[in-house]
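# Coordinates in review
One letter stands for each residue in the lines below.
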Amino acid sequence: MTPDGLARIHARAMVVPRPWSAETFKGFLSDPGSVLALSGAGFALGRVIVDEAELLTLAVDPEARRRGHARACLAAFEAQAVQKGAARAFLEVAATNAAARALYASAGYAEDRVRRGYYVIADGDAIDAAVMSKTLLPA
Ligand SMILES: CC(C)(COP(=O)(O)OP(=O)(O)OC[C@H]1O[C@@H](n2cnc3c(N)ncnc32)[C@H](O)[C@@H]1OP(=O)(O)O)[C@@H](O)C(=O)NCCC(=O)NCCS
């Protein structure tokens, strides 16, 4: 999928944080540690730094939801991350995002801590972020 295609899905899917532009996707994809996993009209994008994988964003087009695409993207992201040397994965998710939190919890991610006021939204309010992580490989 091209950076334009990723940005199109992101614009339709994201509320918090704000959607990213095609340029932003291009920048992340040019990182040699980047990991992009696709399923239907959904994708997961992250990066691996040494032995740690960070899930940067995950989005499924609203018309394609509840068909397992996010779960498939997450599993493929983790498999690619392990191939690149990751032993652990982590992510941040808005505390208000019940759907994503349920997905991550059911995929084995545990909540490590809360970052207060991490996402600043349009009207100047802020939303907490939960930091979640999962061991991909036993130590
Ligand atoms: C969160 C999101 C990626 C889920 O995509 P999806 O393809 O619909 O998810 P899946 O069909 O793979 O669902 C996997 C699990 O996630 C959870 N889930 C997904 N949507 C849910 C919802 N609306 N309410 C509660 N749980 C939900 C369920 O546990 C589900 O398993 P189940 O269907 O067996 O009950 C999608 O809603 C989305 O793009 N949201 C906006 C972007 C976003 O919030 N991204 C995450 C940022 S960190």
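That block above? That's the structure.
What counts as what
- The residue numbering used here restarts from 1 in each chain and proceeds along that chain's sequence as written.
- Local features are withheld for residues below a pLDDT of 70 in this predicted model, meaning they are given only at 70 or higher, and side-chain atom pairs are given and counted only at 80 or more; totals for whole chains, interfaces and linings count all residues.
- For side-chain calculations, the full set of non-hydrogen atoms in the structure is used, while hydrogens and water are omitted.
- Comment: elements are numbered from the N terminus, with helices defined as DSSP H or I runs of at least four residues and strands as E runs of at least two.
- Here the globule rule is a power law, 2.2 Å times the number of residues to the power 0.38, and the radius of gyration is based on C-alpha atoms.
- Burial status follows relative accessibility: with a 1.4 Å probe on protein chains alone, a residue under 20% of its type maximum counts as buried, one over 50% as exposed, and anything between as partly exposed.
- Throughout, a residue-residue contact means that at least one pair of heavy atoms, one from each residue, lies within 4.5 Å.
- The accessible surface values rely on the Shrake-Rupley method and a 1.4 Å probe; as for residues, cover is taken only from the protein chains in view.
- Within this scheme the basic residues Lys and Arg register as positive and the acidic residues Asp and Glu register as negative, but His and the chain ends are omitted.
- Taken as the charge centre is NZ of Lys, CZ of Arg, CG of Asp or CD of Glu, depending on the residue.
- DSSP calls a pair of strands paired once it identifies at least 2 bridges connecting them.
- As used here, the term nonpolar core means buried Ala, Val, Leu, Ile, Met, Phe, Trp, Tyr and Cys residues forming a set that is joined through side-chain atoms within 4.5 Å.
- Salt bridges are defined by distance alone: a side-chain nitrogen of Lys or Arg within 4 Å of a carboxyl oxygen of Asp or Glu.

## Observations concerning the overall build of the chain
Each helix and strand in the chain was counted, giving 4 helices and 6 strands. In the chain, the order of α-helices and β-strands from amino to carboxyl end is α-α-β-β-β-α-β-α-β-β. Scaling as 2.2 N^0.38, a compact globule of 139 residues should have a C-alpha radius of gyration of about 14 Å, and the chain matches this with 14 Å. When the 139 residues of the chain are sorted by exposure, 43% land in the buried category. By sequence separation, contacts in the chain at least 24 residues apart represent 57% of the contacts at least 6 residues apart. When the accessible surface of the chain is summed, it comes to about 7,400 Å², and 53% of that surface belongs to carbon and sulfur atoms. Taken as two groups, the 16 positive and 15 negative side-chain charges of the chain have centres that lie 4 Å from each other.

## Concerning the pairing of strand β3 (residues 52-60)
Note on strand geometry: in a regular strand, side chains alternate between the two faces of the sheet. Most of β3 sits out of view: 7 of its 9 residues are buried. In the sheet, strand β2 (residues 42-49) pairs with β3 via 8 bridges, with the strands oriented antiparallel. Bridged to G42 within β3 is V60. With antiparallel pairing between neighbouring strands as the criterion, β2 and β3 make up a hairpin whose turn holds 2 residues, including V50 at a positive phi of roughly 55°.

## Here we look at the nonpolar core
Judged by nonpolar contacts, the single largest core of 26 residues is most densely connected at L55, L58, L74, F77, Y104 and Y109. Elements supplying a minimum of two residues to this core: β1 (34-39), β2, β3, α3 (69-83), β4 (88-94), α4 (98-106) and β6 (126-135). Once residues lying within four places of it in the same chain are set aside, the contact partners of F77 are V35, A37, A44, G46, R47, A53, E54 and L55. Ranked by size, the runner-up nonpolar core spans 11 residues in total, among them L6, I9, L45 and A59.

## Things to note about the pattern of salt bridges
Tallied over the entire structure, the rule returns 10 salt bridges. With a closest N to O distance of 2.7 Å, R116 and D128 form a salt bridge. With R116 in strand β5 (residues 110-120) and D128 in strand β6, this residue pair connects regions lying 12 residues apart in the sequence. Using a relative accessible area of 22% as the deciding quantity, one classes D128 as partly exposed.

## Some details on the side chain of D61
Tracing the backbone through its elements, the reader meets D61 in the loop between β3 and α3. The class of D61 is buried, set by a relative accessible area of 10%. Sequence-distant contacts of D61, defined by excluding residues within four places in its chain, comprise I9, R12 and A41.

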